[in-house]
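Listed here are the chains, written in short residue letters.
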Amino acid sequence: MPVLPGAEPFRHEGGEVGVLLCHGFTGSPQSLRPWADYLAGRGLTVSLPLLPGHGTRWQDMQLTGWQDWYAEVDRALRELLERCTQVFVFGLSMGGALTLRLAAKHGDAISGIVLVNPANKVHDPLAPLLPVAQHFIRSTPGIASDIAKPGSVEVGYDRVPTRAAHSLRKFLQLVDAELPQVTQPLLLLHSPQDHVVPPVDSARVLARVSSTDVTETLLEQSYHVATLDHDAERIFADSFAFVGRLAESVGREGAEAGG
């Protein structure tokens, strides 16, 4: 299947510091592309992969599960680790959960993580029925484009495949159990008004990780897809400053550029 316009993966060869960006469930790299462009424009090496089953049509997701999505970001991370001296991982929504699992598994190889409205649990009251429902109901209404900013649209599916949703639910349970293994510096930005992932998910992540260098920021003007919303520029600037604080070469280059 052809990839939807704007949903293509993105890669930029920059300096010795790299950033991997992980998009969300039923979304695409388009939701993070302005963020990727911002980081690339400041000299970072950037990788923004397209998760398997995403960016084409929702039926393609029926053939994939969390193992496929995680394998893709793990592969992209390993490429960056070979290429760069320091690597950071950023994620939105389910991409935040993928980020947390990478952090739990790769430890000190990852210099820091940035999460935007990270998903921790499928809260739909019918979620416990997914193991059975996936065999009878192919899809449910979509969750894309929860954005406050007028005219801003997310390239994502208008349906959620139930088989993929079942896999997501199992994955989030797995990641929740692994949160104490996360020790890296953490910047977590979340929206009090989020119609896809409630703020309790961010609170759960903050309560369970073992990171000691933690910054929490509220995105008061945005909904779920905050990277395309009113607070996008703040996310971009704060995340780059976070990298600059933890990666000496970036901090030095940024100061020289600013001067």
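In this report, the structure presented in the accompanying data block is examined. Everything numeric here is computed off the predicted structure, so don't read it as measured data. (Residues numbered from 1 in each chain as written. Predicted model: local features only at pLDDT ≥ 70, side-chain atom pairs only at ≥ 80, totals over all residues. Heavy atoms only, no water.)

Attention now goes to the overall build of the protein. When you go through the protein residue by residue, the secondary structure sums to 9 helices and 9 strands. Scaling as 2.2 N^0.38, a compact globule of 259 residues should have a C-alpha radius of gyration of about 18 Å, and the protein matches this with 17 Å. Referenced to the eigenvectors of the C-alpha coordinate spread, the extents of the protein come out at roughly 60 × 40 × 35 Å. Classification of the 259 residues of the protein by burial places 55% in the buried group. Put simply, the protein shows about 10,900 Å² of open surface, and 53% of that area lies on carbon and sulfur atoms. Across the protein, the 21 positively charged side chains and the 29 negatively charged ones have centroids separated by 7 Å. (Helix = DSSP H or I, 4+ residues; strand = E, 2+ residues; numbered from the N terminus. Rg over C-alpha atoms; globule rule 2.2 N^0.38 Å. Buried < 20%, exposed > 50% of the residue type's maximum accessible area, 1.4 Å probe, protein only. Areas by Shrake-Rupley, 256 points an atom, 1.4 Å probe, with all protein chains shown as cover. Lys, Arg positive; Asp, Glu negative; His and termini not counted. Charge placed at Lys NZ, Arg CZ, Asp CG, Glu CD.)

Another point: the nonpolar core. Across soluble globular proteins, nonpolar side chains show a tendency to be buried alongside one another. Judged by nonpolar contacts, the single largest core of 44 residues is most densely connected at Leu20, Phe25, Trp69, Leu100 and Leu102. Setting aside residues up to four positions removed in sequence, Trp69 forms contacts with Phe25, Leu51, Pro52, His54, Met61, Thr64, Met94, Leu98, Ala164, Ser167 and Leu168. Counting residues in hydrophobic clusters, the runner-up holds 33 residues, among them Val19, Phe90, Ala232 and Val243. (Core = buried A, V, L, I, M, F, W, Y, C linked by side-chain atoms within 4.5 Å. Contact = heavy atoms within 4.5 Å.)

With that settled, the discussion passes to the pattern of salt bridges. Counted under the stated rule, the structure contains 14 salt bridges. Between Arg33 and Asp37 there is a salt bridge, and its shortest N-O distance comes to 2.9 Å. Here Arg33 pairs with Asp37, and both are found in helix α1 (residues 33-40), just 4 residues apart, close to one helical turn. Residue class for Arg33 comes out partly exposed when judged on its relative accessible area of 31%. (Salt bridge = Lys/Arg side-chain N within 4 Å of Asp/Glu carboxyl O.)

We now examine the layout of surface pockets. Within this model, the largest pocket holds a volume of roughly 740 Å³. Residue assignment for the lining of the largest pocket shows that the elements contributing at least two residues are α5 (130-133), β6 (139-141) and α6 (162-178). At 4 residues, α6 tops the list of elements feeding residues into the lining of the largest pocket. Across the lining of the largest pocket, the residue classes tally to 22 nonpolar, 9 polar and 4 charged. (1 Å grid on protein atoms, 1.4 Å probe; cavity = no way out; pocket = protein on both sides within 12 Å on 5 of 7 lines; lining within 4 Å. Points joined across faces, edges and corners; volume = space filled by probe spheres on them. Nonpolar A, V, L, I, M, F, W, Y, C, P; charged D, E, K, R; others polar.)

Residues Thr45 and Ser47 point to one face of strand β3 (residues 45-48) and Val46 and Leu48 to the other, with burial holding for every one of them. Note that strand β1 (residues 10-12) and β3 share 3 bridges and pair antiparallel. Bridge pairing in β3 places Arg11 opposite Ser47. Sheet topology note: the strand β2 (residues 17-22)/β3 ladder contains 3 bridges and is parallel. Looking at the pairing, Val19 lines up with Val46 of β3. Note on the crossover from β2 through α1 to β3: the handedness is right-handed. (Pairing = 2+ DSSP bridges. Right-handed = clockwise from strand over helix to strand, strands pointing away.)

Tracing the chain through its elements places Glu154 in the loop between β6 and β7 (159-161). The buried charged residue Glu154 lacks any salt bridge partner; its closest oppositely charged side chain belongs to Lys149, at an N-O distance of 15 Å. Excluding residues within four positions of it along the chain, Glu154 makes contact with Gly27, Gln30, Ser31, Ala144, Ser145, Ile147, Val225 and Leu228.

Turning our eyes to something else, we now look at the environment of Ala226. Looking at the secondary structure, you find Ala226 in the loop between β9 (214-218) and α8 (232-246). Every residue in contact with Ala226, bar those within four places of it in the chain, is listed here: Val116, Asn117, Ser191, Leu219, Asp231, Ala232 and Ile235.

Where helix α3 (residues 66-83) meets α6, the axes come as close as 9 Å, and the angle between the chain directions of the two elements is 60°. Here α3 lies oblique to α6, going by the angle between them. Facing Trp66, Gln67 and Trp69 of α3, the residues of α6 in contact are Ala164, Ser167, Leu168, Phe171 and Leu174. Its residues assigned to classes, the contact of α3 with α6 comprises 6 nonpolar, 2 polar and no charged. (Axes fitted to C-alpha atoms, helices over the stretch in contact; angles between N-to-C directions. Parallel < 35°, antiparallel > 145°, perpendicular 65-115°, else oblique.)

With that out of the way, let us pick up the pairing of strand β4 (residues 86-92). Burial runs high along β4: 6 of the 7 residues are buried. Summarising the sheet, β2 and β4 pair through 6 bridges and their orientation is parallel. Paired with Gly18 across the strands is Val87, a residue of β4. Bridge analysis of β4 against strand β5 (residues 112-116) gives 5 bridges, and the strand direction is parallel. In the strand pairing of β5, Phe90 is matched with Val114.

Take the packing of aromatic side chains next. Summed over the entire model, instances satisfying the criterion amount to 7 aromatic pairs. Relative to Phe90, the ring of Trp35 has its centre 5.0 Å away and its plane inclined at 25°; by these criteria the two rings are stacked. You can see Trp35 sitting in helix α1 and its partner Phe90 sitting in strand β4, a full 55 residues away along the chain. Between Tyr38 and Phe240 the ring centres are 6.5 Å apart and the planes differ by 75°, which places this aromatic pair in the edge-to-face class. Here the residue Tyr38 occupies a position in helix α1, and Phe240 occupies one in helix α8, the gap between them amounting to 202 residues. Here the aromatic cluster, defined as three or more aromatic residues joined through ring pairs, consists of Trp35, Tyr38, Phe90, Phe236 and Phe240. Above the face of the Tyr38 ring, Arg42 is positioned so that its terminal group lies 3.5 Å from the ring centre. When the ring centre of Tyr70 is taken as origin, the NZ or CZ atom of Arg101, which lies over that ring, is 4.9 Å away. (Phe/Tyr/Trp six-rings, centres within 6.5 Å; stacked < 30°, edge-to-face > 60°. Lys NZ or Arg CZ within 6 Å of the ring centre and 35° of its normal.)

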